[in-house]
Amino acid sequence: MVQATDAPLKKTPLNARHRASGARMVPFSGWDMPVEYSGIVQEHNAVRTRAGLFDVSHMGEIEIAGKDALAAVQRISSNDASKLAVGQAQYSGLMTPQGTFVDDLLVYRLAPSHFLLVVNAGNIPKDYAWIAEQIASVGDAVAVDASSRYALIALQGPAAVDVLQPLTGVDLASMKYYWFAHGEVANVRATVSRTGYTGEDGFEVFVPPQSADRVWQAILESGKVAEVIPCGLGARDTLRLEASMRLYGNDIDDTTTALEADLGWIVGWKKDDFIGASALREQKAGGVARKIVGFEMVDRGIARHGYDAFVGDSNAGVVTSGTQTPFLKKAIGMAYLPLEHTAPNTEFDVEIRGKRTRARVVPMPFYKRAK
Amino acid sequence: MSYPASYKYTKDHEWIELTGDRGKVGITDYAQQQLGDVVYIDLPDVGAKLKQGQSFGTIESVKAVSELYSPVTGEVVEVNSALKDKPETVNAEPHDSWMVVVKLTNPGEAAALLDAAQYQDLVK
């Protein structure tokens, strides 16, 4: 990942806590973030079997409000926000007119005419500028970059309900996946959302920055018996990959369309016009030439982001994510391949340090939790 | 973890345990800490010719890929294949997890390597 080295790194409200706890810190998208606490493998498996706690305060929050806020969101977001009840969230894309990604995001409906968009840390200024420009003509709707008003803490894993419930009056067990509620966590005003980026049950908790450390410590304390541990961005990446969740900048960007990324389900096909709609409808009718696939390595080796993929002698595509996954204990990844080579069990090669190494297309997700 | 006084070390964080004209080669505790959880090791075959300071293999953690650099010039006479199936051993016992045994072409070469005290200074 390309890092800007000249600007000073931004710090989340939990930065001092991470440093005091001995986390290994790295620059990530302009932020000084913990990449690991006790080790990626241990943290990854804690989330799969118990629960792990993540500081994701670097994520951006953009609010859109006004009488025409729904129309504004509908214009810039690929998914159909009119389907959202107040208290519900959805995964979506900010698309270019070509149907490629400016970013991917979660859209929360806070009130009938008030939405919260959670966007990637590295894209906040770009997204905000794009949104402000695109909704200027919509009518009564204004976008505000509210990122500095929120800290975001994610508790992920099968023990999440049991660990968080003692700290909040929000009824967590009855909260459905991709719904949220306002209340208090550890006596701090909070919005609790049943969402995450790990493929596991869990919650993301929005709190005021000045109270983030209190909430962080309270959750770890409540999670002591269940052996909840703090986790870094390293485990977050391996967890999301095992769950086949796309990462902006790796698997999707402004050169890949929603259909190529196999994310047609976040496109509101029945919506009226939105940015990217005509390009995506045209591509849907004509079909894509390439598509993202999940793969496992057949030969020994780990395919990584940017490695070339070969079908026979032709350089046919590229690996967008790849690692040795700690829970499944396999070398897996995602790659773009020509459509005719995307069926499960199709074999292809990845060039790893000059050597053609055999891989096989497998269905995604690689990991799906038991319900 | 302490650095065995009987080993020699490189600035690239490999160690070599010399016995006559042969040396067992591995990576240091500092190196394994920097890497994080090791999940893959690619080693040369017996008979491979190594040059001092040049790559003889690859080690990968969950996040990163790193080269292994040979502390000496020589020929690989033994490979620790067991590490391929249990790469995490390198994290647990870095100074016992030898990767290859090298027969040195020029045993005098090892004199220029760091001793344990010098290496400890380098990584502190």
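What you are looking at is a predicted structure, and each value in this text was computed from that prediction instead of being measured. (Residues numbered from 1 in each chain as written. Chains lettered and ligands numbered in written order. Predicted model: local features only at pLDDT ≥ 70, side-chain atom pairs only at ≥ 80, totals over all residues.)

K.L.:
Give a detailed account of the sheet that holds strand E7 (residues 65–69) of chain B, specifying residues and quantitative values.
P.N.:
Residue and element names in this part refer to chain B. Taken together, the three strands give an open sheet; going across it, the order is E4-E6-E7, and neighbouring strands pair in antiparallel fashion. Across the chains shown, the open sheet's two edge strands, defined by having one partner strand only, are strand E4 (38–42) and E7. Ignoring which end each strand starts from, the neighbouring axes of this sheet average 25 degrees apart. (Pairing = 2+ DSSP bridges. Helix = DSSP H or I, 4+ residues; strand = E, 2+ residues; numbered from the N terminus. Axes fitted to C-alpha atoms, helices over the stretch in contact; angles between N-to-C directions.)

K.L.:
Tell me about the sheet that holds strand E18 (residues 347–352) of chain A, and please be specific about residues and values.
P.N.:
Residues and elements named next belong to chain A. Judged by pairing direction, the barrel is antiparallel, and its six strands sit side by side in the order E14-E17-E16-E15-E18-E19 before closing back on the first. Each strand of the sheet is rotated relative to its neighbour by a mean of 45 degrees, with strand direction disregarded. Relative to strand E16 (residues 314–324), strand E15 (residues 308–311) is paired through four bridges, and the arrangement is antiparallel. By the bridge assignment for E16, Ala-309 is matched with Gly-317.

K.L.:
Break down the domain arrangement of chain A for me, with residues and values.
P.N.:
Examined at the domain level, chain A breaks down into domain 1 (15–57 + 150–242), domain 2 (60–146) and domain 3 (289–362). Taken together, the contact between domain 1 of chain A and domain 2 of chain A spans 10 residues of the former and 10 residues of the latter. (Domains from an automatic or database assignment. Contact = placed C-beta atoms within 7 Å.)

K.L.:
Can you lay out unusual backbone geometry for me, pointing to particular residues and giving the numbers?
P.N.:
All names here are of chain A. Residue Pro-365 follows Met-364 across a cis peptide bond; omega there is 0 degrees. Along the chain, the position of Pro-365 falls in the segment after strand E19 (355–362). Positive phi values are uncommon outside glycine, yet Asp-262 reaches one of about 55 degrees. One can find Asp-262 in the loop between helix H7 (233–242) and helix H8 (277–286). One non-glycine residue, Arg-353, adopts positive backbone phi at about 50 degrees. With respect to the element layout, Arg-353 can be found in the loop between E18 and E19.

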